[in-house]
Every structure is written in structure tokens, then in C-alpha cells.
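Residues per chain, in single letters:
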Amino acid sequence: MYIDCPSCHQTTLIPYSHEEFSVRCKHCHTAISSVNEKLKTHNFLTEIKPLIPLKMEQTGSLLGRTYKIMASSVYQGMHEDTEWTWSEWLLMDNNQELKWLSFSMEEGFLLFDFIESYPLNFKSIQKIPTPEGELPIIDHITAKLKNFEGYLPWSTHDFHTYTYYSSIINKTYYSLEVFHNEASLFKGVPINPLEVESG
């Protein structure tokens, strides 16, 4: 699938068909999002680069499975009056299943699976519901998407502030991402940096 960039009118490849998506034009670098079947452009105020320079469309193996890097993104937020920056890479395997590889100086590399999304009908979150039961919140951070490259199968046009709640049990990380009235649960495991470098 191809689209015409609304800014430079050059053709840009959309590698996979999704109802909503975001992509960077390879010609003028404009961020393009599909919103209600219409293309919109938006510019990020910063051009912060990922903390680790993994290459777009690079292919490698993690935990015995082969993935291709579809996108990279950088988030920045405040944690206990300290600015916190982390990077994420969207990975896709041969079956088009998605995983998220994240990196921060505080936590290192984590590989996340999406578990589920559900609507929120309350204002405060006391515990994180997981397949292993409700877990206590050990940390939370409010952050914004600051930059992205590549192709994302969702729209970044209306991205504002996210709140992330985290918990850990038996070396398994759970992250609850809250935006507006929806929560998305992710499950992550630590990844050896040498495995990322060798992949």
C-alpha cells in the first residue's frame, strides 16, 4: 500500500494495512497519521533520538524468535521530580505478531507482550490486574511521545499524556499504560544487552 505525503506529495510505502497508522515520510521526514480515514501531518517539538542506535528494518533474533524492527520511539516524562527518558522499538515476527523492546538507563532492555486493553470507569488505580492476580503498584510515571521513526499500526496524531503504572513479580515486569479512559496491559521480561547487540 502506498500513500501520497500531504507535505511533499511524494509516494510513501505503508508496509502493512491497518485502519489507523502513523508513518514518517522517507522524503521530507513529515510525521503522517491516518485519522478517521484522513491523512494528517504533525510535527514533534523535539527530535530526540533513541538511546540505543538500532537500525530501522534491521532483522535479528531475541529469545529464539526472529523479528524485524518496524518503528522506534522515544518517550520522556517526570518521575519524582526527575526527568526520565526511554526508547521503544516495535518488533514484528514472520506471523505479524508484535512485541515491544524498551530500553532505559534505569531498567536496561525489556521485551514486552501486549496482554489486553479495557475501558477505565474509575479515576484512581490502586493495583494492576494481571494474569497472576492483582499486583501492587511499585512505580508510576507520566510521559509523552517525543519522537518516532518508521511505521506504527496506530495513530500518533492525538497522542497526549500517558500514565504508566508498573509492578514486578518473579522477574516479570507488568506495565499498565493509561490514556484517556482506556488502559492497556503489557508483560515484559529482561533481555541481556549482549543478545540485543548480537541480534
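Below is a short write-up of the structure. (Residues numbered from 1 in each chain as written. Predicted model: local features only at pLDDT ≥ 70, side-chain atom pairs only at ≥ 80, totals over all residues. Heavy atoms only, no water.)

**A short note on the pattern of salt bridges**
Put simply, the test is: Note on definitions: salt bridges are taken to be side-chain nitrogens of Lys or Arg within 4 Å of carboxyl oxygens of Asp or Glu. Secondary structure elements follow DSSP: runs of H or I no shorter than four residues count as helices, runs of E no shorter than two count as strands, and numbering proceeds from the N terminus. Here's how the labels work: a residue is buried when its accessible area is under 20% of the maximum for its type, exposed when over 50%, partly exposed in between, all with a 1.4 Å probe on protein chains only.
Under the criterion given, the structure shown has four salt bridges. Its salt-bridge partner being Arg65, residue Glu97 comes within 3.3 Å of it at the nearest N-O pair. In this pair, Glu97 is assigned in the loop between strand 8 (82-92) and strand 9 (98-104) and Arg65 in strand 7 (residues 65-79), connecting sequence segments 32 residues apart. For Glu97, a relative accessible area of 43% translates into the label partly exposed. Here the residues in one salt-bridge network are Arg65, Asp93 and Glu97, joined through shared partners.

**Some details on the environment of Trp84**
Rule in force here: Should any heavy atoms of two residues lie within 4.5 Å, those residues are counted as being in contact.
Tracing the backbone shows Trp84 in strand 8. Taking the C-alpha atoms as reference, Trp84 lies 9.0 Å from Met105; in sequence the two are 21 residues apart. In contact with Trp84, other than residues within four places in its own chain, are Tyr75, Gln76, Gly77, His79, Ser104, Glu106, Glu107 and Ile141.

**Observations concerning the packing of aromatic side chains**
Note the following rule: Note on aromatic contacts: the rings of Phe and Tyr and the six-membered ring of Trp form a pair at centre separations within 6.5 Å, being stacked when their planes are under 30 degrees apart, edge-to-face when over 60 apart, and tilted otherwise.
Taken as a whole and judged by the stated rule, the model has 12 aromatic pairs. Pairing Tyr75 with Tyr164 gives two aromatic rings, centres 6.3 Å apart and planes at 80°, and the pair type is edge-to-face. Taken as a pair, Tyr75 in strand 7 and Tyr164 in strand 14 (residues 161-169) lie far apart in primary sequence, 89 residues in all. When its relative accessible area of 8% is taken as the criterion, Tyr164 is described as buried. Ring centres of Trp100 and Phe186 lie 5.3 Å apart, and the angle between their planes is 75°; this geometry places the pair in the edge-to-face category. With Trp100 in strand 9 and Phe186 in strand 16 (residues 182-191), this residue pair connects regions lying 86 residues apart in the sequence.

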